[in-house]
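Residues per chain are reported as follows:
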Amino acid sequence: MVSENMEKALNAQLNAEVYSGYLYLSMATYFEDTDLYGFANWMRVQAEEELEHGMKFYDYIIRRGAKVTLEAIEKPQIEWDSPLAAFEHVLSHEQTVTGLINDLVDLAISEKDHATNNFLQWFVEEQVEEEENAMEILAKVKLAGDSREIFYALNEEFATRTRGASEE
Ligand code: FEO
């Protein structure tokens, strides 16, 4: 069993993870439109990963005998000024998600809900990786600056991203 409060908070995070997927899928369409297929692929993979995060919450809510309640998904932004602006958004979005996970952990601790705290620790670690990846890619895009050659090389590199075991 989880408390009613916790059930609400877990459902809200399920929604936030699906929204993250929607946001990254929207970024994928932005890159498809600008013919940066490698960048679009990176975002598609990121979107799939977010939906999996959402399903981890879905499964956990069910396992605790609570109810999954699906709410509307907010419309994501659909345009960015530049690839750099999009990746800056990735980093700021992941920092926001880290804050949401931290708030959930705080709630689990305050309720002495050790099982939920334990479940959430996977996400605490995942957010370290998510921010690290976002910072790394942002640095690469910044370094590329106006160089079309480096940008093309990055596009090729991002085209190879697949769902790896470490990303599950
Ligand atoms: Fe589900 Fe990118 O955090």
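Preceding this section is the structure that the text describes.
Throughout what follows, the structure given in this document is the object of discussion.

## Things to note about the overall build of the chain
Point 1. Along the backbone of the chain there are five helices and zero strands.
Point 2. Beginning at the N terminus, the succession of helices and strands in the chain can be written as α-α-α-α-α.
Point 3. The C-alpha atoms of the chain give 17 Å as radius of gyration, which agrees with the globular expectation for 168 residues (15 Å, within 12%).
Point 4. Seen through its C-alpha atoms, the chain measures out along the principal axes to roughly 55 × 25 × 25 Å.
Point 5. A buried classification covers 44% of the 168 residues belonging to the chain.
Point 6. Restricting to contacts in the chain with at least 6 residues of sequence separation, those with at least 24 account for 81%.
Point 7. A total accessible area of about 9,200 Å² is found for the chain, and carbon and sulfur atoms account for 54% of it.
Point 8. When the 13 basic and 34 acidic side-chain charges of the chain are each reduced to a single mean position, those positions are 5 Å apart.

## Observations concerning the packing of aromatic side chains
Point 1. Summed over the entire model, instances satisfying the criterion amount to 15 aromatic pairs.
Point 2. Ring geometry for Tyr60 and Phe119: centres 4.1 Å apart, planes at 5°, overall stacked. You can see Tyr60 sitting in helix H2 (residues 37-63) and its partner Phe119 sitting in helix H4 (residues 114-144), a full 59 residues away along the chain.
Point 3. Residue Phe119 is classed as buried on the basis of its relative accessible area of 16%.
Point 4. Among the aromatic residues, ring-to-ring pairing joins Tyr30, Phe31, Phe39, Trp42, Trp80, Phe87, Phe151 and Phe158 into one connected group.
Point 5. Positioned above the aromatic ring of Trp42, the side-chain terminus of Arg161 is 4.4 Å from the ring centre.

## Observations concerning the packing of helix H1 (residues 4-33) against helix H3 (residues 83-110)
Point 1. Contact pair H1 / H3: the axes reach a minimum separation of 11 Å and the direction vectors enclose 170°. In this view, H1 runs roughly antiparallel relative to H3, as classed from their interaxial angle.
Point 2. Among the residues forming the contact of H1 with H3, the class breakdown is 20 nonpolar, five polar and two charged.

## Let's talk about a nonpolar patch on the surface
Point 1. Nonpolar side chains collect at one region of the surface, where Tyr22, Leu25 and Ile73 lie side by side and expose about 260 Å² of accessible area between them.
Point 2. Relative to the elements of secondary structure, Tyr22 occurs in helix H1.

About the criteria used
Residues numbered from 1 in each chain as written. Predicted model: local features only at pLDDT ≥ 70, side-chain atom pairs only at ≥ 80, totals over all residues. Heavy atoms only, no water. Helix = DSSP H or I, 4+ residues; strand = E, 2+ residues; numbered from the N terminus. Rg over C-alpha atoms; globule rule 2.2 N^0.38 Å. Buried < 20%, exposed > 50% of the residue type's maximum accessible area, 1.4 Å probe, protein only. Contact = heavy atoms within 4.5 Å. Areas by Shrake-Rupley, 256 points an atom, 1.4 Å probe, with all protein chains shown as cover. Lys, Arg positive; Asp, Glu negative; His and termini not counted. Charge placed at Lys NZ, Arg CZ, Asp CG, Glu CD. Phe/Tyr/Trp six-rings, centres within 6.5 Å; stacked < 30°, edge-to-face > 60°. Lys NZ or Arg CZ within 6 Å of the ring centre and 35° of its normal. Axes fitted to C-alpha atoms, helices over the stretch in contact; angles between N-to-C directions. Parallel < 35°, antiparallel > 145°, perpendicular 65-115°, else oblique. Nonpolar A, V, L, I, M, F, W, Y, C, P; charged D, E, K, R; others polar. Patch = residues over 30% accessible without salt bridge, like charges linked within 9 Å, V, L, I, M, F, W, Y side chains within 5 Å. Salt bridge = Lys/Arg side-chain N within 4 Å of Asp/Glu carboxyl O.

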